[in-house]
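Tertiary structure, described
Below, each chain spelled out in residue letters.
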Amino acid sequence: MNRRKALVCLCGIGLASLTRGALAKVNLSAIPMKSHETAMRAAIAMAAQNTAYPFGAVITNASSGAILAKGVNKTFENPLLHGEISCINNYVSQYGNKNWADVVLYTTGEPCPMCMSALIWARIGGVVYGSSIASLKKAGIDIFTFTAKEINQGSNFSQTQLLGGILETECNALFMNRKRT
C-alpha cells in the first residue's frame, strides 16, 4: 500500500470514528429521576386524549425540564401521526428544526422503528419511554418487534441516548386498560 492510500484509509477511519458514536450533549443519567417522572406524567396526560392508542409524548428542554412541545397518537387522522411524530411536528412549528441536541422526548411507549428513525435523524438529545415493545405486544398493540435500541444501533451517524421503564407500571396500565376498537 502506498502512502497516499494509507493516508486516505486512516482519514476514513478517523472520520468514521468521529461520526459513528456521536452522542448528543444531553446526559440522561445526569437528569434527576424526579424530573424524568414529571415529564413522563405530562406524556401520560397527553396519552389520556386517545383512549384506544394512548401514545403520548412531550419534548422538554434537557437543562430546565420545561415542556416545549406535546403530542398524542392521531393515526385516525393520518397513519404517520404517532405520538412522537405529532410531538416532533408541534416542536418544529414552534421552534423550527433546530436545537435537537438540547432536548429530550418522553413517550409512554417505546418508539416504533418509524418514530425512532425520525428521532435519530433529528439527532435528538435523548429518548425516554415508559412501556417496552414487549409490554405493548402483551397489551395487544400491533407493533414491530424491533426495539428502539436495535434501531438506534443501526445508525452509523448518530447514537441517541435511550432510557426505558420510567413510570412503567403507570404506562403499562394505560395500554392494558385501553379502549379496544
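Structure report, in brief. (Residues numbered from 1 in each chain as written. Predicted model: local features only at pLDDT ≥ 70, side-chain atom pairs only at ≥ 80, totals over all residues. Heavy atoms only, no water.)

1. Structural notes on the layout of surface pockets
- Here the largest pocket is characterised by a volume of approximately 310 Å³.
- Every residue lining the largest pocket is counted, 17 residues in all, and those nearest its centre are F55, H82, I141, D142 and I143.
- Per-element tally for the lining of the largest pocket: the top contributor is helix α4 (residues 113-122), with 3 residues.
- Considering only residue class, the lining of the largest pocket consists of 9 nonpolar, 4 polar and 4 charged.
- Volume-wise, the second largest pocket comes out at about 150 Å³.
- Of all the secondary structure elements, the ones that give two or more residues to the lining of the second largest pocket are α2 (33-47), β1 (56-61) and β3 (103-109).
- For the lining of the second largest pocket, the element with the highest residue contribution is α2, accounting for 3 residues.
- Across the lining of the second largest pocket, the residue classes tally to 7 nonpolar, 7 polar and no charged. (1 Å grid on protein atoms, 1.4 Å probe; cavity = no way out; pocket = protein on both sides within 12 Å on 5 of 7 lines; lining within 4 Å. Points joined across faces, edges and corners; volume = space filled by probe spheres on them. Helix = DSSP H or I, 4+ residues; strand = E, 2+ residues; numbered from the N terminus. Nonpolar A, V, L, I, M, F, W, Y, C, P; charged D, E, K, R; others polar.)

2. A few points about the pairing of β3
- The buried count for β3 comes to 7 of 7 residues, which makes it a mostly enclosed element.
- Two strands pair when backbone bridges link them, and β1 and β3 are joined in this way by 5 bridges, in the antiparallel orientation. By the bridge assignment for β3, T60 is matched with V104.
- Note that β3 and strand β4 (residues 126-131) share 5 bridges and pair parallel. Pairing of G109 across the sheet is with S131, part of β4.
- On the question of chirality, the crossover connecting β3 to the parallel β4 by way of α4 is right-handed. (Buried < 20%, exposed > 50% of the residue type's maximum accessible area, 1.4 Å probe, protein only. Pairing = 2+ DSSP bridges. Right-handed = clockwise from strand over helix to strand, strands pointing away.)

3. Some details on the side chain of T60
- Tracing the sequence through the fold places T60 in strand β1.
- Apart from the residues within four sequence positions on either side, T60 is in contact with A39, G65, A66, I67, L68, D102, V103, V104 and Y106. (Contact = heavy atoms within 4.5 Å.)

4. Points about the packing of α2 against helix α7 (residues 168-176)
- For the pair α2 and α7, interaxial distance at closest approach is 11 Å and the crossing angle is 10°. Relative to α7, the element α2 lies roughly parallel. From α2, M40, R41, I44 and A47 reach across to α7, where they touch E170, C171 and L174.
- Residue classes in the contact of α2 with α7 are distributed as 5 nonpolar, no polar and 2 charged. (Axes fitted to C-alpha atoms, helices over the stretch in contact; angles between N-to-C directions. Parallel < 35°, antiparallel > 145°, perpendicular 65-115°, else oblique.)

5. Some details on the packing of helix α3 (residues 83-95) against α4
- At a minimum axis separation of 9 Å, α3 and α4 run at an interaxial angle of 30°. Here α3 lies roughly parallel to α4, going by the angle between them. Together, E84, I85 and I88 of α3 and M114, C115, A118 and L119 of α4 make up the contact between the two elements.

6. Focus: the sheet that holds strand β2 (residues 67-72)
- One open sheet holds the 5 strands; their spatial order is β2-β1-β3-β4-β5, and the pairing between them is mixed. Bordering the open sheet on either side are β2 and β5 (161-164), each of which pairs with just one other strand. Across the sheet, the mean angle from the axis of one strand to that of its neighbour is 15°, orientation sign disregarded.

7. Remarks on unusual backbone geometry
- Of note, the phi angle at N99 is positive, near 60°, even though the residue is not glycine.
- Positionally, N99 belongs in the loop between α3 and β3.
- Residues other than glycine seldom take positive phi values, yet L167 does so here, at roughly 50°.
- As for its position among the elements, L167 is in the loop between β5 and α7.

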